[in-house]
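Take a look at the letters that make up each chain.
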Amino acid sequence: MRILMAQDTFLPKLGGAEIHVWKLSKGLADRGHQITIVTATPGPIVVDGLKVHRFPYLQSQGKRAMISLPFYLPSLIRLVVSHEIVHGHYSALCSAVLGTLAKSLSRPFVMTLHGYGTLDSSVQGNIWLNKWRSIAFYMADKVIATSDEMAEVARQFVPMERIVIIPNGVDTSEFMPSGKSLPDSPFRIAAIRRLVPKNGVQYLIEAMPFILELSRKPVECWIVGDGRLRGYLEKRAKELGV
């Protein structure tokens, strides 16, 4: 099957959804499907053997993207026509545009939700992002929610019969416990996230004094990532003495 993946952000930008689309696309390609990725993120045209079509002026999600869109439309139409199904990730601009083209060209459009463009906290009153969210949900033949909670969010926009829950998988060849920890080793908590409000790392820091109080052994908390909350998180950790 020829599948067109549409995602506003993709490698080399790193994040959970970017890794999800890379691994999903690679897994489908390994099973004999033809995968092409459309993104607004600049970068190489081939990633791990996958073809990537990049439309960087769509990054803005707003007026600049709308001005640039007519110049990109012929290429986007050709991509949709040459594939059997369009799979959007995020309910943002790429899903709205590719979903609309899929609908008009009689191609099924499936959309997986990753938070960005769907959660109210990610659109933050932005007129354009709210518009893309409405269009993307309207165009989707099926909506894939990665959790019960995300399905509840999707129900605000589409009926439950159009939603299917598919939790994110874990590659046990990469994520496999290597053995029991030593008795005298500290209890370690790892948070590997972008440091933005919706990812909730701030709540982990607030909880650390209580965790330290309740734990019977030393505790280490490793926060791995970057983002606009980094300075605040470092300051708050010092204030709490953790």
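Whatever comes next refers back to the structure up there.
On a predicted model such as this, the values are computed, not experimentally measured, just so you know. (Residues numbered from 1 in each chain as written. Predicted model: local features only at pLDDT ≥ 70, side-chain atom pairs only at ≥ 80, totals over all residues. Heavy atoms only, no water.)

Student: Help me out: how do you make sense of the pattern of salt bridges in this one?
Tutor: Pairing between side chains of opposite charge can happen when the charged atoms of each approach one another. Within this structure, the stated rule accounts for 11 salt bridges. Between Asp-141 and Lys-103 there is a salt bridge whose closest N-O contact spans 3.0 Å. Placement of Asp-141 in the loop between helix H5 (127-139) and strand E7 (142-145) and of Lys-103 in helix H3 (residues 93-104) is noted, with a sequence separation of 38 residues between them. Here Asp-120 makes a salt bridge to Arg-133, at a shortest N to O gap of 2.9 Å. Of this pair, Asp-120 sits in helix H4 (residues 120-123) while Arg-133 sits in helix H5; the two residues are 13 residues apart in sequence, bridging distant segments of the chain. (Salt bridge = Lys/Arg side-chain N within 4 Å of Asp/Glu carboxyl O. Helix = DSSP H or I, 4+ residues; strand = E, 2+ residues; numbered from the N terminus.)

Student: Explain the packing of aromatic side chains here, please?
Tutor: Both the distance between ring centres and the angle between the ring planes are used here to describe each pair of aromatic rings. Evaluation of the coordinates by the stated rule reveals 4 aromatic pairs. Across the ring face of Trp-22, the terminal group of Lys-23 is positioned such that the distance to the ring centre comes to 4.5 Å. (Phe/Tyr/Trp six-rings, centres within 6.5 Å; stacked < 30°, edge-to-face > 60°. Lys NZ or Arg CZ within 6 Å of the ring centre and 35° of its normal.)

Student: Sorry if this is basic, but what is going on with a positive patch on the surface here?
Tutor: Taken together, the side chains of Lys-13, Arg-193, Arg-194 and Lys-198 present a region of like positive charge at the surface. Structurally, Arg-194 can be placed in the loop between strand E9 (187-192) and helix H7 (201-214). (Patch = residues over 30% accessible without salt bridge, like charges linked within 9 Å, V, L, I, M, F, W, Y side chains within 5 Å. Areas by Shrake-Rupley, 256 points an atom, 1.4 Å probe, with all protein chains shown as cover. Lys, Arg positive; Asp, Glu negative; His and termini not counted. Charge placed at Lys NZ, Arg CZ, Asp CG, Glu CD.)

Student: Sorry if this is basic, but what is going on with H3 here?
Tutor: An α-helix turns once per 3.6 residues; consequently, residues spaced three or four apart project the same way. Counted at 1.5 Å a residue, the expected span for H3 with its 12 residues is 16 Å, and the 17 Å between its end C-alpha atoms agrees. Taking burial as the measure, the 12 residues of H3 include 9 buried ones, the bulk of the element. Among the residues of H3, those classed as buried are Leu-93, Cys-94, Ser-95, Ala-96, Val-97, Leu-98, Gly-99, Leu-101 and Ala-102. Contact partners of the buried residues in H3: strand E1 (2-7), strand E2 (34-39), helix H2 (63-81), strand E5 (85-89), strand E6 (109-112) and H5. (Expected span 1.5 Å × (residues − 1). Buried < 20%, exposed > 50% of the residue type's maximum accessible area, 1.4 Å probe, protein only. Contact = heavy atoms within 4.5 Å.)

Student: I'm lost on the packing of H2 against H3 in this one. Help?
Tutor: Two numbers describe a pair of packed helices, the interaxial angle and the distance between the axes. H3 packs onto H2 with a crossing angle of 50° between their chain directions and a minimal axis gap of 11 Å. By the angle between their directions, the pair H2 and H3 is classed as oblique. As H2 packs across H3, the resulting crossing turns out to be right-handed. Each of Ala-65, Leu-69, Leu-73, Leu-76, Ile-77 and Val-80 in H2 lies in contact with H3, whose residues at this interface are Leu-93, Val-97, Leu-98, Leu-101 and Ala-102. (Axes fitted to C-alpha atoms, helices over the stretch in contact; angles between N-to-C directions. Parallel < 35°, antiparallel > 145°, perpendicular 65-115°, else oblique. Left-handed = near helix turned anticlockwise from the far one by under 90°.)

Student: For this particular structure, what's the right way to read the side chain of His-83?
Tutor: Assignment of secondary structure puts His-83 in the loop between H2 and E5. Judged by its relative accessible area of 4%, His-83 is buried. Only 2.9 Å separates the side chain of His-83 from the side chain of Thr-36, close enough to count as a polar contact. Apart from residues no more than four positions distant in its own chain, His-83 is found in contact with Arg-2, Ile-3, Leu-4, Gln-34, Thr-36 and Arg-107. (Polar contact = N/O pair within 3.5 Å; in protein donor to acceptor, adjacent residues only side chain to side chain.)

Student: Explanation requested: the layout of surface pockets in the structure shown.
Tutor: To find the voids left in a structure, one rolls a probe of water-molecule size over its atoms. In this model, the second largest pocket occupies a volume close to 250 Å³. Lining the second largest pocket are 13 residues; nearest its centre among them are Ile-205, Cys-221, Ile-223, Leu-233 and Ala-237. Mapped onto the lining of the second largest pocket, the elements with two or more residues apiece are H7, strand E10 (219-224) and helix H8 (230-239). By residue number, the principal contributor to the lining of the second largest pocket is H8, which donates 4 residues. A breakdown of the residues in the lining of the second largest pocket according to their chemical character gives 10 nonpolar, 1 polar and 2 charged. (1 Å grid on protein atoms, 1.4 Å probe; cavity = no way out; pocket = protein on both sides within 12 Å on 5 of 7 lines; lining within 4 Å. Points joined across faces, edges and corners; volume = space filled by probe spheres on them. Nonpolar A, V, L, I, M, F, W, Y, C, P; charged D, E, K, R; others polar.)

Student: What should I look at first to understand helix H1 (residues 16-30) in this one?
Tutor: Here H1 spans 21 Å end to end across 15 residues, near enough to the 21 Å set by a 1.5 Å rise per residue. Three or more residues of H1 are buried, namely Ala-17, Glu-18, Val-21, Ser-25 and Gly-27. Summarising the contacts, the buried residues of H1 are in contact with E1, E2, strand E4 (50-54) and E5.

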